[in-house]
Structures are given as structure tokens and as C-alpha cells.
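Secondary and tertiary structure notes
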Amino acid sequence: MMQLLQVDLLKMKRKGMWFLTILGPVGVVSLQMVNYGVRKDYLLQQSNDYWGYYLKNISTFTPLAIVLGIAILTSFMASIENETNAWKQLVALPISKMSVYLSKFTVLSIMFLLSSCLLMIFTLAYGMFLNFDQEIPMLEVLKYSFYPLLAALPVLALQLWVATVSKNQGIPITLGVLGVIFAYSAFVLPDWMIWKWPSLMNEWDAPIINVWLGLSFGSLLYIVGMFDFTRRDVK
């Protein structure tokens, strides 16, 4: 299993996918750098809770970045294997298909976990640069950095499933584009749609519900996708 992870991580490095992992959080915080750089005085007038308002602005773009990143990285990962005919080589080795699938999911999870850590660091750094002169709400920073990723696990599991079983990567890309549109329209989506969960919005105004839904349904979709992958013939 460790050898599989090392091989997959090396493939990601060679294809420059780690750059995309870093680009996501950089892009999200950069948008707020432009936002506050142009109209800081106006934004500070919108709320007395400067940190809270700043974090809400950050969280507006986080779900879009996560859903778009999931679509791109899962499709890239599958296309690498398809282009080099590596699927057939992998399953010919004395390892189970479940291990191959788990390795892909684990590598993607590591990459998005790194993105969330970087988002937290960049969010704190720019927030401190803005000098709000208020106590830093660390719990809120952690929540807005990691909750969206946990809530997006069903999207990750679904995209990986579709990408690994599709010969034509246009299918998962199309699904990813639709997912981004859904994530952008999260405020009008029903609570049961998985693309709404990374926004942390629900009728109960309790973000932790989205996290638990993400963990439970993400695990379910991962298991279904894994079993579907193992039963298919690799050509």
C-alpha cells in the first residue's frame, strides 16, 4: 500500500498537480486581497465583527474552489492512467483492485487536506496583515478552512468513481462543470444535494450537519465506487 501511495504521489508531482493544490487556496485568499485592497473601508463598515465578515467572504469562494479542484484533479489522475495504459499494468500486479482504488482516494485526500491547511495559513496571514485589532477567532478559522473539505467528500468520492470507470474523461469533466454550477447556486439548492454541503448552508443553520453528512455519504459513495471499480474488467 505504501508503495502504491509513493507511486501515485510521484505521478502527481511529475504532472504538476501539486501546483494546482497550492493554487486553490492562493486564489481564494488573493480574491480577498483584491477585495479588501480596493474597498477596505467600505467592507469594514458592513459589520463590527471584522474577522467574522472577512471569513464569510473567504467562505464564499471556498466551495467553488474545492468542487472545481476535485473535478480537475480526479480527471487528471484517471487520464494519466488511461494515457499510459497503467490500469492494466496495475491490476496485473499481485495487489488488489481495492488497494489501487484506495491509493487514488488517499492521494487526492492528502492533496485537498494540504490545500485546507494552506487556506488556513493564508487566511490567518492576510487577516493579520489587515490588522483588524480584534481577537483572532481560531475556531472559526479552522471551521471555514476544514469543514468545506469534509462536507465535500461525497463530491470527491463521486468524481473519482466516475473518472476511474469512464474511458472518455469528458464525462467526469462535464459532471465537474455541473458541480461547479451547483456549488455556485448553493443558496437555492435543496439541502439533500451534495454540491450544497461544502457551502455549510442548511435550513438548521448548523454547519456541523453538513460535515457529518459529508463524512457518512462520502464513505458510502467511496465504498460503492470501490466495489464497482473492482468488478469491472480493465482493458
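Before going into details, it helps to say that this report is about the structure given with it. Note that the structure is a prediction, hence the values are computed from the model and not measured. (Residues numbered from 1 in each chain as written. Predicted model: local features only at pLDDT ≥ 70, side-chain atom pairs only at ≥ 80, totals over all residues. Heavy atoms only, no water.)

Before going further, it helps to examine the side chain of Thr-62. Tracing the backbone shows Thr-62 in helix α3 (residues 50–83). Looking at Thr-62, the relative accessible area reads 3%, which means it is buried. Sequence-distant contacts of Thr-62, that is, excluding residues within four places in its chain, are made with Val-28, Leu-119, Tyr-144 and Pro-148. (Helix = DSSP H or I, 4+ residues; strand = E, 2+ residues; numbered from the N terminus. Buried < 20%, exposed > 50% of the residue type's maximum accessible area, 1.4 Å probe, protein only. Contact = heavy atoms within 4.5 Å.)

With respect to the secondary-structure elements, Ser-75 resides in helix α3. In this structure Ser-75 touches Ala-163, Gln-169 and Ile-173, once residues within four positions along its chain are discounted.

Time to look at the nonpolar core. By size, the foremost hydrophobic cluster in this structure holds 55 residues, and its most contacted members are Met-12, Tyr-36, Tyr-54, Ile-70, Phe-132, Leu-156 and Trp-195. Elements with a minimum of two residues in this core: α1 (2–14), α2 (17–44), α3, α5 (97–130), α6 (138–151), α7 (153–165), α8 (170–184) and α9 (207–231). Looking at this core element by element, the count peaks at twelve residues for α5. Excluding anything up to four places from it in sequence, Met-12 contacts Met-17, Trp-18, Met-77, Ile-80, Val-107 and Met-111. (Core = buried A, V, L, I, M, F, W, Y, C linked by side-chain atoms within 4.5 Å.)

A contiguous nonpolar patch, built from Ile-173, Val-177, Leu-178 and Ile-181 and spanning about 330 Å² of accessible area, is present on the exposed surface. One can find Ile-181 in helix α8. Taking relative accessible area as the criterion, Ile-181 reaches 48% and is therefore assigned partly exposed. (Patch = residues over 30% accessible without salt bridge, like charges linked within 9 Å, V, L, I, M, F, W, Y side chains within 5 Å. Areas by Shrake-Rupley, 256 points an atom, 1.4 Å probe, with all protein chains shown as cover. Salt bridge = Lys/Arg side-chain N within 4 Å of Asp/Glu carboxyl O.)

Before going further, it helps to examine the environment of Ile-22. With respect to the helices, strands and loops of the structure, Ile-22 is situated in helix α2. Look at Ile-22 and you get partly exposed, because its relative accessible area is 40%. Separated by 92 residues in sequence, Ile-22 and Leu-114 have C-alpha atoms that sit 8.0 Å apart.

Here the structure, examined in full by the defined rule, presents 13 aromatic pairs. Ring centres of Tyr-36 and Tyr-54 lie 5.7 Å apart, and the angle between their planes is 80°; this geometry places the pair in the edge-to-face category. Here the residue Tyr-36 occupies a position in helix α2, and Tyr-54 occupies one in helix α3, the gap between them amounting to 18 residues. By relative accessible area, Tyr-36 is classed as buried at 3%. Aromatic pair Trp-51 and Tyr-54: ring centres 5.7 Å apart, planes at 75°, arrangement edge-to-face. Taken together, the residues Trp-51 and Tyr-54, both in helix α3 and three residues apart, mark about one turn of the helix. Residue Trp-51 shares its accessibility class with Tyr-54, and that shared class is buried. Every member of this aromatic cluster is reached through a ring pair, and the members are Tyr-36, Tyr-50, Trp-51, Tyr-54, Tyr-126, Phe-129 and Phe-132. A cation over a ring is seen here: Lys-143 above Tyr-144, with NZ or CZ 5.1 Å from the ring centre. (Phe/Tyr/Trp six-rings, centres within 6.5 Å; stacked < 30°, edge-to-face > 60°. Lys NZ or Arg CZ within 6 Å of the ring centre and 35° of its normal.)

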